[in-house]
Amino acid sequence: MATDVITGDFNNAEVDVESIEATARKARAQGIKRLLRYTLLKLVALVITVAIGVYITVIVANMGGAVDKIRMATIRETVALASTADPAFRQLTSTERIALINARVELEAKRYGLDRPFIIRSFEYLRDAMTLNLGFAQQLVSDSGSRLVRNIILERLPSTLVLFGTANLILFFVALYAGLSLSRRYGSWGDKIVLALAPTSAAPPWFYGIFLILIFAALLRLLPFGGMVGAPPPDNPFDYAMSLLQHMILPVAAWLLSAIFLTIYNWRTFFLIYASEDYVEMAKAKGLPDSMIERRYILRPTLPNIITSFALLLITLWTGAIITETVFNWPVIGQLYAQAIGAFDTPVIVANVVIYAYLLALTVFLLDFIYALVDPRVRVGEGGHKA
Amino acid sequence: MSKKAWALVALLVLIGSVALAACTGGTETVVEVTRIVSETVEPEPATVEVEVTRVIESTPETVEVTRVVEVEAQNPEEATRKGGWLDTIVIVQEADSNSAVARLEAGDMDMYADDIAGEAAIQAINSDNLQTRTQYGLFDELQFNIGTCQDETQLNPFTDAKIREAMNYAIDRDYVAQELYNGLAVPKYVTLAEASADRARFAPEIRALEAKYAYNMDTARELISAEMESMGATLEGDKWTFNGEPITLIFLIRNEDTRLLIGEYISTQLEELGFNVERVERTSSELSPIWNAGDPTLCEWHLYTGAWSQTAVDRGSEFAFEQYYTNRVLPWPLWALYSPPAELDDASLRIYNNDYSSIEERAELIRTALPLSMEYATRDWITSRTTVVPFRNEVSVTTDLAGGVSGSPLWSKTVRFADKVGGSMNIGLPSVFTEPYNPMGGSNWVFDQMILRGVGDQGIYTDPNTGLGVLGRIDHAEVVVQEGYPMSSQSDWVTLSFEPEVVVPDDAWAGWDAENQVFLTAADVYTETQTALLKSTAYYPDDFFSTVTWHDGSAYSVADFVMAMITQFDLADPASPYYDEALVPTRDQFLSSFKGVRIASTDPLVIETWSDGGNLDAENAISTWWPAATYDYSDAAWHNMALMLRGEADGSFAFTADKATANEIEQTNLISGPSLAALATELTAASEEGFIPYAPTLGQYVTAEDAATRYANLAEFARRYGHYYISTGPYFLSGVFPVEGQAVLSQYAAHPDLASRFSNFAAPATPVIEIDGPARVTIGEEAAFDIYVDVNDGPYPIDDIDAITYLVFDADGAMVAQGTAEAVEDGAWQAVLGPDVTSALVEGSNRLDVVVVSKLVAIPGLASYEFVTAP
């Protein structure tokens, strides 16, 4: 708290400007110091949290090292069967055959790093992940054939953002608007319908997806079964975009159908608490228009929650929706996770987790500052209200 | 009237309708005379209109009918079109087989090129819009741990071969096939593959074994009880115990497919036999470390629901006994315990090594090994799955008996819409562009290989129904084999001869000097004159180099062959700038049978090869050195190979995943990804430098002008289609959409072959059998049974049938006679049981089994007929 330094009587007040400025500078310096300290501590805490999370992922993804045994057995099986399929294999003597298979097994084991203890490799995974040195995948390749984990993930990102970005943005803003509107019309027929339909969200998007495909693709043949674009993909960018839009209709509809009523219900309930506050009633009594009441008296105090929800929604895109992607045959990032987990491809699994973890940490970190910006009651750092 | 109808069909319909009209007249006698009064044909490009006027004379009335029908004339393109039948093929990714069938039904997809099973398969089979083609090639087994437990207090019953053999009786294979697989499997008793030449050759012996080991729980119980008691186990109540403790069998059950149900079923059978069963139901990767890598003597498991696959029709069955009953093929701990009886061991090894002097001697070895393998029984075979490949009714395609469409070398040469030439076809695949494409270490995924086969050619193809080689790009061939080796030939394009000794000439190329980049001759490599098992000579057509072109328009040349030969040696040589350690085992494997190669003539191209690689069929023993067959993973011309080699040398990318991982670089990919930029750079540099790889050798076959032309062609191709994969097949890869999961193949009109070249392979000539004969046979009297064999709704020609064997089983299921049916006419044979045979039968119900072995398809036809005998 700054101290006012005022001397002399108030009629002929002589303000010690230098002193005030010094005090202000000191206060600013203390504020910056406090902010930096808070930022640093927060960052360190977040990095440690990410590191712990990533290392746990490494351990879990490798079943504490048991995956080495599984992979070794798989290599032995695959190499032996592939060798026997070659007609030239038949010309070898028994000893040569076994030596040949063992040589190939050794090469493969080396490629997977199985010639080194898992504990050492686990820390290498952690180091690479924390420095975002994503490296090369062990088994998976990107759609275009690259083994770089970065490419594997980046190639799926645009289609992920297009599909789930669109679906989630529509869901978020429609639900927000509808929730706000219903909170002001508690008990109306619209409110009752949403209330009644909220349990429909118990079914996942892929469930609705199957029905939508059956109706609109198989039966009516109005929309495509799945895929990202028509076959073959149009050459013209406009046609390509139109085809893309056409292929988005059903998955986006499935996504919305699955979540829309429950999400509206959540927002409506959330806003209802704020809508019944005394200051809202006062505003209403003053005769302020509804739109102003909603914007200034309901939305504004709830802004931190809305921003938090929106930010978390954005980073949730990173996880995709495995079954829905599969049902609609969309090349999105969720399938990639499933493939990586199924193939025990640690670099890809770890890369996905560490990127998500960093995104989450960054979001949490930034939200603290955003809260302070949008809500004057919140201060960042010591002495302020912790967000 | 449909455009597809022929005038003749219309004529017959008219006759029928007029006859019906005449009948309604109520006359006593109707004499019909049909005469075409006039017929005009106006040819049009695709159809002709036929005006038919008929006068039907009858008594007492005459009816005159005039009809105009449209019939489709043969499209001139049917006879003249070159390359593929279709204009484009769009491969689309569809991972789910149920969804694929729905898309097929809706016409969103024309074919799903994966083999499907379960509910999706049944739906496809029952669909009016779809046809299916059966594919064999996945076998279920009950694998036994035969290791004696280290812990002497434990008893592993399956160390006893007799118990393993007796388990055959405890498995109702018909139940598994019909109930658990819903009919999409057939019972399997013996190790010989369903889609194999030997399955047909030894069909009677197999049938006899099937009868012997037919399901009989009482026999299983009796045999197992006797052995268990001899091993010191006691049956307390209804449970077997050892050292006072109940015997618990640990059953590893795969849970990803129907094997889960099979495992459950066999567990129940074992419990009925007195064992406790601990069911361990897990995935392949979870169980593999236990059964495959674990020490069997630790007795951590006793049984495993295994399965084996087959990707092509098997001509020789070399692995059938050697791999499954001896320790000489697979270096796995369980296999190390395999110690078959000497007779089986010897027969197995000799079959594997082709160590016999005649086909008859080989047959005897197999006849010896077959029953012994049932007795030694390291595993009991259960079923052979019959998956199906679904496609729409209007589609016609050649499928492989074992490989389906995705494994068929001829799929793209035959796929078409049955009623038209051209058009675009959508084909679904579970995955598209799974791994990078390159010839030395690229994708070996079956679906990637399907695309590669689709755009490629072969020197020699494989008959999809018999596994026998059929002519591809080569014109004809000669095979000279060492006397005493039981090789035969069935095709007129192969000349087979025998010589006492096949000598490798001194000037044949037999090795490679990687430092100087020149071939080493046999005189350089061998200290003394070498002999080989065989010499094969591939003769390419006289017009080969003027008719066959790469997809970038470059004319084929000898250099493409020589490049493929060089890379067989060079890349695995540490002295090479392109050395890759991962390719050494492959090179060693190649050298194990290779003795030498010589280009006897460059135009026309004639290549002689000396090898120790034997084969029973001369058609399958020929080395064509066709690049797509020489490289392990895909096709390549010398000039796009040159770019890959340059990138390999400067570390931009690597052929194999091993080298790429070790050097932390990308794997070479000709069609997409980061490699494309590097390949473009290499192409510019190679073009500027006039780069000819392995110049001391390849330079003899490539001029600077050739190189400039080739690089310019490839640059233009890459500019148009965005990739560097070229081949020579009837389609070329015109669109690569990896993220969208689509590939587009376009017709290559410059292909030298007529589209109809392989039309005769459209469908397997599977025999359809019907038996007719007396229901009651008098013991001691002759009985004749008629056997009708059809194919494609017509009689099976006698010339296309190898043999029809019949087997007679008495009321106890014992085989009492076997014989060969006599041909009567096309489609009709007769089996006559003489008085001596019927005298051997006792009163009761007997069975006549008929086995039809065709020359056109590897899988024999089977049928049974029940009859009663009485005095």
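Residues numbered from 1 in each chain as written. Chains lettered and ligands numbered in written order. Predicted model: local features only at pLDDT ≥ 70, side-chain atom pairs only at ≥ 80, totals over all residues. Heavy atoms only, no water.

Asks: Outline the sheet that holds strand 37 (residues 801–809) of chain B, listing residues and values.
Replies: Residue and element names in this part refer to chain B. Strand order in the open sheet formed by five strands is 34-42-41-37-38, and the pairing between neighbours is mixed. Edge positions in the sheet fall to strand 34 (776–778) and strand 38 (815–820), since each of these pairs with one other strand and no more. Averaged over all neighbouring strand pairs, the angle between strand axes comes to 30°, with direction disregarded. Pairing between strand 37 and strand 41 (residues 844–854): eight bridges, direction antiparallel. Residue pairing in the sheet places Leu-807 in a bridge with Asp-849 of strand 41. Here helix 8 (residues 203–212) sits on the sheet in contact with strand 37, strand 38, strand 41 and strand 42 (861–870), set at roughly 25° to strand 37. (Pairing = 2+ DSSP bridges. Helix = DSSP H or I, 4+ residues; strand = E, 2+ residues; numbered from the N terminus. Axes fitted to C-alpha atoms, helices over the stretch in contact; angles between N-to-C directions. Contact = heavy atoms within 4.5 Å.)

Asks: A description of the confidence of the model for chain B should follow, citing residues and the corresponding values.
Replies: Residues and elements named next belong to chain B. Taken as a whole, chain B shows an average pLDDT of 89; of its residues, 92% reach a score of 70 or greater. Predicted confidence in chain B is weakest over strand 1 (residues 33–43), with a mean pLDDT of 36, and strongest over strand 24 (residues 518–521), with 98. Here residues 1–63 scores under 50 on pLDDT; set against residues more than four positions off or in separate chains, the count is 107 contacts. This stretch, residues 65–69, has a pLDDT under 50; its non-local contacts, to residues over four places away or in other chains, come to 20 contacts. (pLDDT = per-residue confidence, 0-100.)

Asks: Can you lay out the packing of helix 5 (residues 149–183) of chain A against helix 10 (residues 290–316) of chain A for me, pointing to particular residues and giving the numbers?
Replies: Helix-helix packing: each pair is described by the crossing angle between the helix axes and the interaxial distance. Residue and element names in this part refer to chain A. At a minimum axis distance of 12 Å, the contact between helix 5 and helix 10 shows a crossing angle of 155°. One element, helix 5, and the other, helix 10, form an angle in the roughly antiparallel class. Helix-helix and strand crossings are classified by hand; for helix 5 and helix 10 the assignment is right-handed. Residues Asn-168, Leu-169, Phe-172, Phe-173, Leu-176 and Leu-180 of helix 5 pack against Glu-294, Ile-298, Leu-299, Ile-306, Ser-309, Phe-310 and Leu-313 of helix 10. Tallied by class, residues from the contact of helix 5 with helix 10 come to 10 nonpolar, two polar and one charged. (Parallel < 35°, antiparallel > 145°, perpendicular 65-115°, else oblique. Left-handed = near helix turned anticlockwise from the far one by under 90°. Nonpolar A, V, L, I, M, F, W, Y, C, P; charged D, E, K, R; others polar.)

Asks: Help me get a handle on the interface of chain B and chain A, residues and values and all.
Replies: Contacts between the two partners involve 63 residues from chain B and, on the opposite side, 51 residues from chain A. Taken as a group, Pro-331, Gln-589 and Val-739 of chain B account for 14% of the area that chain B buries against chain A, more than any other trio of residues on that side. Of the charged contacts in the structure, one is a salt bridge between Glu-581 of chain B and Lys-110 of chain A, with a shortest N-O distance of 3.8 Å. Run the count over chain B and chain A and you get 17 residue pairs in polar contact (both at pLDDT 80 or more). Going through the elements one at a time, strand 4 (88–93), helix 3 (97–106), helix 11 (284–291), helix 12 (318–325), helix 21 (584–591), helix 24 (657–663), strand 30 (666–667) and strand 32 (742–747) of chain B are the ones with two or more residues in the side of chain B that touches chain A. Broken down by class, the residue content of the side of chain B that touches chain A amounts to 27 nonpolar, 22 polar and 14 charged. (Buried area = accessible area lost by both parts, 1.4 Å probe. Salt bridge = Lys/Arg side-chain N within 4 Å of Asp/Glu carboxyl O. Polar contact = N/O pair within 3.5 Å; in protein donor to acceptor, adjacent residues only side chain to side chain.)

Asks: So what about the pairing of strand 24 of chain B? Which residues, and what values?
Replies: Residues and elements named next belong to chain B. The sheet contact formed by strand 23 (residues 509–513) and strand 24 spans four bridges and is antiparallel. If you follow Asp-513 over to strand 24, its bridge partner there is Val-518. Hairpin connection of strand 23 to strand 24: four residues between the antiparallel strands, including Gln-517 at a positive phi of 55°.

Asks: Explain the packing of aromatic side chains residue by residue, including any values.
Replies: Residues and elements named next belong to chain B. Enumeration according to the criterion identifies 59 aromatic pairs over all chains in this entry. Relative to Phe-561, the ring of Phe-544 lies with its centre 6.1 Å away and its plane at 55°, an arrangement referred to as tilted. Residue Phe-544 is located in helix 19 (residues 544–547), and its partner Phe-561 is located in helix 20 (residues 558–570); the two are separated by 17 residues in the primary sequence. Judged by relative accessible area, Phe-544 falls into the buried class, the value being 1%. Taking the relative accessible area as the measure of exposure, Phe-561 reaches 0% and is therefore buried. Ring centres of Phe-717 and Phe-732 lie 6.4 Å apart, and the angle between their planes is 65°; this geometry places the pair in the edge-to-face category. On the criterion of sequence distance, the pair formed by Phe-717 in helix 27 (residues 704–721) and Phe-732 in strand 31 (residues 731–737) is long-range, its members being 15 residues apart. The same class applies to Phe-717 and to Phe-732, which are both buried. Here a set of aromatic residues connected by ring pairs shows up, and it is made of Trp-509, Trp-512, Phe-519, Phe-569, Tyr-578, Phe-590, Phe-594, Trp-625 and Tyr-694. Here the basic side chain of Arg-416 rests over the ring of Trp-85, its NZ or CZ set 4.0 Å away from the ring centre. A cation sits over an aromatic face here: Arg-646 above Phe-691, 4.8 Å from the ring centre. (Phe/Tyr/Trp six-rings, centres within 6.5 Å; stacked < 30°, edge-to-face > 60°. Buried < 20%, exposed > 50% of the residue type's maximum accessible area, 1.4 Å probe, protein only. Lys NZ or Arg CZ within 6 Å of the ring centre and 35° of its normal.)

Asks: Provide a residue-level description of the pattern of salt bridges, including the pertinent values.
Replies: All names here are of chain B. A full pass over the atoms with the stated rule returns 55 salt bridges over all chains. The salt bridge partner of Arg-379 is Glu-141, with a shortest N-O separation of 2.6 Å. Pair noted here: Arg-379 is in strand 14 (residues 379–392) and Glu-141 is in strand 6 (residues 130–144), with a separation of 238 residues, a long-range link. By relative accessible area, which is 2% here, Arg-379 ends up buried. With relative accessibility at 2%, the residue Glu-141 sits in the buried group. Among the charged side chains, a salt-bridge network with shared partners connects Lys-188, Glu-194, Arg-199, Arg-207, Glu-210, Arg-847 and Asp-849.

Asks: Hey, could you go over the nonpolar core for me, with residue numbers and the actual values?
Replies: All names here are of chain B. Ile-91, Met-111, Trp-411, Leu-698 and Leu-745 are the most contacted members of the largest nonpolar core, which has 110 residues in total. It is helix 20 that contributes the most residues to this core, nine residues altogether. When sequence neighbours within four positions are dropped, the list of residues in contact with Ile-91 reads Trp-411, Ile-427, Leu-429, Val-432, Ile-451, Gly-741, Gln-742, Ala-743 and Leu-745. Ranked by size, the runner-up nonpolar core spans 92 residues in total, among them Ala-177, Phe-202, Ile-262 and Trp-291. (Core = buried A, V, L, I, M, F, W, Y, C linked by side-chain atoms within 4.5 Å.)

Asks: I'd like to hear about the state of the cysteines, residue by residue, with values.
Replies: Residues and elements named next belong to chain B. In total, this model carries one disulfide over all chains according to the counting rule given. Here Cys-149 connects covalently by a disulfide to Cys-299, the sulfurs 1.9 Å from one another. One quick way to see it: the torsion about the S-S bond of Cys-149 and Cys-299 is about -95°, and its sign makes the bridge left-handed. In this pair, Cys-149 is assigned in the loop between strand 6 and helix 5 (161–166) and Cys-299 in the loop between helix 11 and strand 13 (303–309), connecting sequence segments 150 residues apart. Each member of the pair, Cys-149 together with Cys-299, is buried. (Disulfide = S-S within 2.5 Å.)

Asks: Please give an account of the sheet that holds strand 10 (residues 245–246) of chain B that cites residues and values.
Replies: Residue and element names in this part refer to chain B. The strand order 8-9-10 describes an open sheet built from three strands, whose pairing is antiparallel. Strand pairing shows two members of the sheet lacking a second neighbour, strand 8 (234–236) and strand 10, which therefore form its edges. Pairing between strand 9 (residues 239–242) and strand 10: two bridges, direction antiparallel. In the strand pairing of strand 10, Thr-241 is matched with Pro-246.

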